[in-house]
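Given next are the chains, with one letter for each unit.
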Amino acid sequence: MIRRSAPGKLYIAGEYAVVEPGHQALLVAVDRFITVRVTPAEHTGRITSALYETRYLTWYRSPDGTVVVERQSNDYVVSAIRHVEQLVREGGGELRFFDLDVHSELAEPDGRKLGLGSSAAVTVATVRAVAGFYDLPLDDLAVYKLAVLASEAVQPVGSGGDIAASAFTGWVSYTSPDRRWLHEVRERTSVGDLVRSPWPHLLIRRLDPPRPSLRVGWTGTPASTPQLVAGVRARARGGADDAAYSAFLRDSESCLDALVRALEEDDSRQVRQQIGRSRHLLTRLGATSGIAIETPRLRRLVEVAQEHGAAAKGSGAGGGDCGIALCLPGTDVPGMCSAWEAAGIRPLDLSVYSRPEDAP
Ligand code: PMV
Ligand code: MG
């Protein structure tokens, strides 16, 4: 039996800008996981997951060997299997049947989503587990690339930052690749060549863990990232606001450079300043596009955190989900958490997760 886990993620800064190729975001992986188990089977395979309404899918192979599922579904697990198996085939390997079980800690027990990136984590965990099943050695960058190709085939939206955080773990500085280029070359390039070749703009760097500890508050309201991203891009880009949008992208880039430097140099004043700047850039983007990225509850979350000494902002696309607080020296963390609770914000019991170097 092969068992592989992939962590969820949270954005620290750089949201929305990172959707545009060559722009940067900072993320962390968190210690809640999706675990995928693969066991050998014969003639058909079964995918079991609480994420499915029907609990499981049965799959078999078309005459050319491709995995097909009963009802033609657009599914991250199936897409991840297909992409890893494509690599196996290109390397002359023999395809086999297996059962695959998905277990997720990324949602609430009642199924409500927290915004921790379950699609990315399930894709990364499946890539790792199926590659393990076929004895295919993959480094983190190859896992990231396969997971991006698999996700793009399901839903071509998003920067891939969630996938990078889940594949690399820890604190991750991420510059997104040019996905238009990726679509173009995808047609005429083998999966193996794509995984081996450099991708324009793509840069993924794990930072040494900085000193400020991370606390996360949950607003209790789930938000749809694809809808928010589509809304903001449609309104902020291309129209009369184009100059404002270009300025947003430039400012976000310089903010991220300064934030990463401040974290690496343990410069608390600059960390506070740049987290505040990132927050303002995003609220202004929300205002120009008429979309509430920072909801009243997220705003309250930030204010409470600041009153207790932390640097804080919403995390991710906003509109609900989570906010983050970087607890700089002197932050009253217990006070902040009780004040959050009094304001209807739930402190989540999670920490940054860094995979040990020798873990599979
Ligand atoms: O809401 P989240 O945590 O999925 O973050 C979305 C971040 C965006 O930059 C808005 C979109 C993306 O794919 O990077
Ligand atoms: Mg979100």
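Residues numbered from 1 in each chain as written. Chains lettered and ligands numbered in written order. Predicted model: local features only at pLDDT ≥ 70, side-chain atom pairs only at ≥ 80, totals over all residues. Heavy atoms only, no water.

A. A look at the overall build of the chain. Scanning the chain from terminus to terminus reveals 11 helices and 12 strands. Taking 360 residues into account, the globule formula puts the C-alpha radius of gyration at 21 Å, and the chain, at 20 Å, falls close to it. Projected onto its principal axes, the C-alpha positions of the chain cover 60 × 40 × 35 Å. For the chain, buried positions account for 54% of its 360 residues. Counting only contacts in the chain whose residues sit at least 6 apart along the sequence, the fraction spanning at least 24 positions is 73%. (Helix = DSSP H or I, 4+ residues; strand = E, 2+ residues; numbered from the N terminus. Rg over C-alpha atoms; globule rule 2.2 N^0.38 Å. Buried < 20%, exposed > 50% of the residue type's maximum accessible area, 1.4 Å probe, protein only. Contact = heavy atoms within 4.5 Å.)

B. Representation of the packing of helix α10 (residues 296–307) against helix α11 (residues 333–342) in the model. Between α10 and α11, the least distance of the axes is 9 Å, while the angle of their chain directions is 155°. Taken together, the axes of α10 and α11 are roughly antiparallel relative to one another. Both α10 and α11 take part in a crossing whose hand is right-handed. Residues Leu-301, Val-304 and Ala-305 of α10 touch α11, and the partners they reach there are Met-336, Ala-339 and Trp-340. (Axes fitted to C-alpha atoms, helices over the stretch in contact; angles between N-to-C directions. Parallel < 35°, antiparallel > 145°, perpendicular 65-115°, else oblique. Left-handed = near helix turned anticlockwise from the far one by under 90°.)

C. Fine view of the pattern of salt bridges. Counted according to the given criterion, the structure contains 13 salt bridges. Ionic pairing is found between Arg-61 and Glu-85, a salt bridge with its closest N-O pair at 2.7 Å. One end of the pair, Arg-61, is in strand β4 (residues 56–61); the other, Glu-85, is in helix α1 (residues 76–90), and 24 residues separate them in sequence. Judged by its relative accessible area of 17%, Arg-61 is buried. A relative accessible area of 2% places Glu-85 in the buried class. Salt-bridge contacts for Asp-266 lead to Arg-211; the nearest nitrogen and oxygen are separated by 2.8 Å. Here Arg-211 lies in the loop between β8 (203–207) and β9 (213–218) and Asp-266 lies in the loop between α8 (242–264) and α9 (268–289), a separation of 55 residues in the sequence. For Asp-266, a relative accessible area of 34% gives the class partly exposed. Among the ionic contacts, a cluster of salt bridges with common partners joins Arg-128, Asp-140 and Arg-355. (Salt bridge = Lys/Arg side-chain N within 4 Å of Asp/Glu carboxyl O.)

D. How the structure looks around the side chain of Ser-289. Here Ser-289 is to be found in helix α9. One polar contact links the side chain of Ser-289 to the main-chain carbonyl oxygen of Leu-285, over a distance of 2.7 Å. Sequence-distant contacts of Ser-289, defined by excluding residues within four places in its chain, comprise Val-232, Arg-235 and Ala-236. (Polar contact = N/O pair within 3.5 Å; in protein donor to acceptor, adjacent residues only side chain to side chain.)

Remember that the coordinates give geometry; whether it matters functionally is a separate question.
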